[in-house]
2 protein chains.
Amino acid sequence: MARFTSKDVARVAGVAQSTVSYVLTGKRSISEETRRRVQDAIDQLTYQPNAGARALASQRTSVIGLMMPFGPGVDTAGQLPFIETIALLARAQDYDVLLVTTEEGAGGLHRLAGRSLCDAIIIMDVHEEDERVPLATSLPVPVLLIGVPADSAGLQCVDVSFEQAAELAVTEMATTKHDRIMLIGHPEDLHHRHLNFIPRFNNRVLEVARHLNLPCEYIASVENGRDAARKLVARILADHGDERLGLIIPNTQVVQPILHALTANNLVPGQDVSVIAHCTDEVAEETEPPVTNVSLEPREVSRRAIETVFHLLDNGRPKPDSPIDLVPSRLTRRDTIMPIPDVGSV
Amino acid sequence: MARFTSKDVARVAGVAQSTVSYVLTGKRSISEETRRRVQDAIDQLTYQPNAGARALASQRTSVIGLMMPFGPGVDTAGQLPFIETIALLARAQDYDVLLVTTEEGAGGLHRLAGRSLCDAIIIMDVHEEDERVPLATSLPVPVLLIGVPADSAGLQCVDVSFEQAAELAVTEMATTKHDRIMLIGHPEDLHHRHLNFIPRFNNRVLEVARHLNLPCEYIASVENGRDAARKLVARILADHGDERLGLIIPNTQVVQPILHALTANNLVPGQDVSVIAHCTDEVAEETEPPVTNVSLEPREVSRRAIETVFHLLDNGRPKPDSPIDLVPSRLTRRDTIMPIPDVGSV
DNA sequence: TGGATTAATCGATACGTATCGACAATTGGC
DNA sequence: GCCAATTGTCGATACGTATCGATTAATCCA
């Protein structure tokens, strides 16, 4: 596969190099005749423009930088729909995606912007106090945050509406006449990373429950994994085994272990105890038993992220509406909510 | 954050632009005094070289293209360790990773190479008859395949050694005195995608079992998911419920559902039936109960892939040893193999 | 001590595209 | 049928870096 230049195309088509360029970019009018000749030459040579040269001359790379988290402690499976959707929608506008890891931190952002590696940056998994946020503000490229930092300082953010998801979950528990909500915490180390989505969800759960006069207890941090889930369930049963309990589980990774542990204690979810998880529908459908959930919508989050990024690229300035764009959840009832007790039988 | 050029650095340091370039690339000797002055200027201006200009002038992008599969039917969680490791090791050599999806197919490869977007390409999830392989041979950049196509035609491949994993699994079943191996198939649609790792594993299982005189039955394609697993287990029990059975499950995604289904039938894995899965250790540790497995080693596969890519970049030609590099598995005994029956008690 | 090698630097040019200004040819209005 | 506006094309230049050849100064060896 030989690589030709626009000069080669120009020679074959019998026009100037600049004309080839104008055919490609469409920034000046070109006669139909010329366009055809140039296009034929392009096809014949299977010409493709050199990305580096194009970037140099036009000051645009047609690349979006995506900084994403890896490593242990990250909900690995949950990240892929983000990447997939971002890659897909970026390509739809002839953009590519350059992947960098959160591990690179602020230095990675410096590099992306300083070397002109990309036209815009999407940062996933933004923490409450994130070293990358103050830097991001001063970068010469548009930045979009997935997550909401304490001070977003004029940056565009897209995130799941943890608040609305919490409301949905509690309301459902109230509607189905539960005595008490048990809110399952995240592992301690996540708190240390200042992941504000945890308090955002939890506080709203507590708040709404109080407002509805529904007793609600927070069960402190579980490690992810089987054993922790078993202990947790044992504790819950010891304290409130006789009540009509509703578990709210905001952590995808412990949903299945807790469902197991309940079953192992002869409690059938949806019959002896209720569970609502905050997780993607895909995960909820695959749990055993399928869990009623308030959804995470990674694809919608990504869609809005890309949309906003292109808006920033096209218009330079943020969209007029709020800089913080929260994606609402949907509640899907599956098998893990107990039926409402028959009032007549009291 | 202003963006400076090497010319700015040169002015501040009082040298020629070319000298700055030589300080950066180290391709000519530079006096200690000059190097220091230039470095100071670089630090002062926080100068970073423009990637496009560098690519244009040097004909190297310092980018590795990574084509990876997404979408349903793909073992999503299994892919992340690949990306993570590749991104990490690429960065260790100051390379970045450009992500494209398998969906783009051969056209995507054309684009990566034709536009000079990257210096090398890693293609994940290569099928037996893969349209990308013949094209890859003629690309002007080195290509590394993860997976083994029918005709690798001089291309470097790295893959899991499905053959050796199969041997390990069968041998373990034989050693622990099982009457019969049940080999669980993959969903039909995967076969249609010509994923040759399926027959590579399965055929070797059958072969080794025959060689060891161990009856072995292949249970045709399960859909992934609960219901299919239940039916499958029911079928196995109906046919061979009285034998000392060993299940070999080469499909990560059905391991947990099958373990569930067994438990639901009052068969305790490791007590009434044995299971060996072919999956990552991470997955195996998190199943309920933890499953004995022959490992997938995505990190090692990625490590070798990157290593080979850099070898190709540095030396132009493939390494002298085999173009097909297969990563062996390790067997880790957990809780799902039945103890060897006491011989005295017969 | 002189000719030859080596070290250190500079200036000029190439990389491949986009884009500006100039120019010719065409069109439009009256 | 003339001036103005528009259309279509070309030539030249800029983008920021790497790299080649040339130059000067320093070093070496006989």
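Heads up: the structure comes first, above all this text.
Here the structure is a predicted model, which is why all the values come from computation and not from measurement. (Residues numbered from 1 in each chain as written. Chains lettered and ligands numbered in written order. Predicted model: local features only at pLDDT ≥ 70, side-chain atom pairs only at ≥ 80, totals over all residues.)

### Description of the interface of chain B and chain A
Tallying the contact residues gives 39 residues for chain B and 39 residues for chain A. At the level of secondary structure, the elements contributing two or more residues to the side of chain B that touches chain A comprise α4 (51-58), α5 (76-91), β2 (96-101) and α6 (105-114) of chain B. Among the elements that take part in the side of chain B that touches chain A, α5(B) stands out by supplying 7 residues, more than any other. Partitioned by chemical class, the residues of the side of chain B that touches chain A number 19 nonpolar, 12 polar and 8 charged. Sheet topology places strand β2 (residues 96-101) of chain A next to β2(B); 3 bridges connect them, and they run antiparallel. Paired with Val97(A) across the two strands is Leu99(B), which belongs to β2(B). (Contact = placed C-beta atoms within 7 Å. Helix = DSSP H or I, 4+ residues; strand = E, 2+ residues; numbered from the N terminus. Nonpolar A, V, L, I, M, F, W, Y, C, P; charged D, E, K, R; others polar. Pairing = 2+ DSSP bridges.)

### Focus on helix α12 (residues 252-264) of chain B
All names here are of chain B. Across the 13 residues that make up α12, a large majority, 11, are buried. Those residues of α12 not exposed but buried are Thr 252, Gln 253, Val 254, Val 255, Gln 256, Pro 257, Ile 258, Leu 259, His 260, Ala 261 and Leu 262. Positive backbone phi, approximately 60°, marks Asn 266, located one or two places after α12. (Buried ≥ 20, exposed ≤ 12 C-beta atoms within 10 Å, placed from the backbone.)

### Quick word on unusual backbone geometry
Residue and element names in this part refer to chain A. Residue Glu 288 is joined to Pro 289 through a cis peptide bond whose omega torsion reads -5°. Counting through the fold element by element, Pro 289 comes out in the loop between α13 (281-286) and β10 (292-296). Positive phi, close to 60°, is recorded for Asp 94, a residue that is not glycine. Note that Asp 94 resides in the loop between α5 (76-92) and β2. Its 8 C-beta neighbours within 10 Å are what place Asp 94 among the exposed residues. Within the chain, Asn 266 stands out as a residue other than glycine whose phi angle is a positive 60°. Topologically, Asn 266 is positioned in the loop between α12 (252-264) and β9 (274-280). On the neighbour-count criterion, Asn 266 (7 C-beta atoms within 10 Å) is exposed.

### As for helix α4 (residues 51-58) of chain A
When we look at burial in α4(A), the residues that qualify are Ala51(A), Gly52(A), Arg54(A) and Ala55(A). End-on view of α4(A): buried residues confined to an arc of 165°, all on one side of the axis. Among the structural elements, α4 of chain B are those in contact with the buried residues of α4(A). Note on α4(A): the residue one or two positions beyond its end, Gln59(A), has a positive phi of about 65°. (Arc of directions from axis to C-beta.)

### What about the protein's contact with DNA strand D?
Near DNA strand D there are 30 residues, and of these Ser18(A), Ser29(A), Thr5(B), Ser18(B) and Ala57(B) occur at the shortest range. Where the surface near DNA strand D is concerned, the elements lending two or more residues are α2 (17-25), α3 (32-45) and α4 of chain A together with α1 (6-13), α2 (17-25) and α4 of chain B. Ranked by residue count, the leading element in the surface near DNA strand D is α2(B), at 6 residues. For the surface near DNA strand D, the class distribution of residues is 12 nonpolar, 13 polar and 5 charged. (Near = placed C-beta within 6 Å.)

### Quick word on the environment of Leu195(B)
Residues and elements named next belong to chain B. With respect to the element layout, Leu 195 can be found in the loop between α9 (188-192) and α10 (197-211). With 17 C-beta atoms packed within 10 Å, Leu 195 lands in the partly exposed category. With 89 residues separating them along the chain, Leu 195 and Ala 284 place their C-alpha atoms 23 Å apart.

### Let's talk about the pairing of β2(B)
Residues and elements named next belong to chain B. The buried count for β2 comes to 5 of 6 residues, which makes it a mostly enclosed element. Here strand β1 (residues 63-68) pairs with β2 via 6 bridges, running parallel. Within β2, the position partnered with Ile 64 by the bridge is Val 97.

### Considerations on the relation of the copies chain B and chain A
Superposition record for chain B on chain A: RMSD 0.1 Å, screw rotation 180°, translation along axis 0.0 Å. Taken together, the rotation angle and the small translation identify this as a two-fold axis. A shared binding surface is used by both copies, with 100% of the interface residues of chain B retained as interface residues in chain A. (Least-squares fit on C-alpha atoms with pLDDT ≥ 70 in both.)

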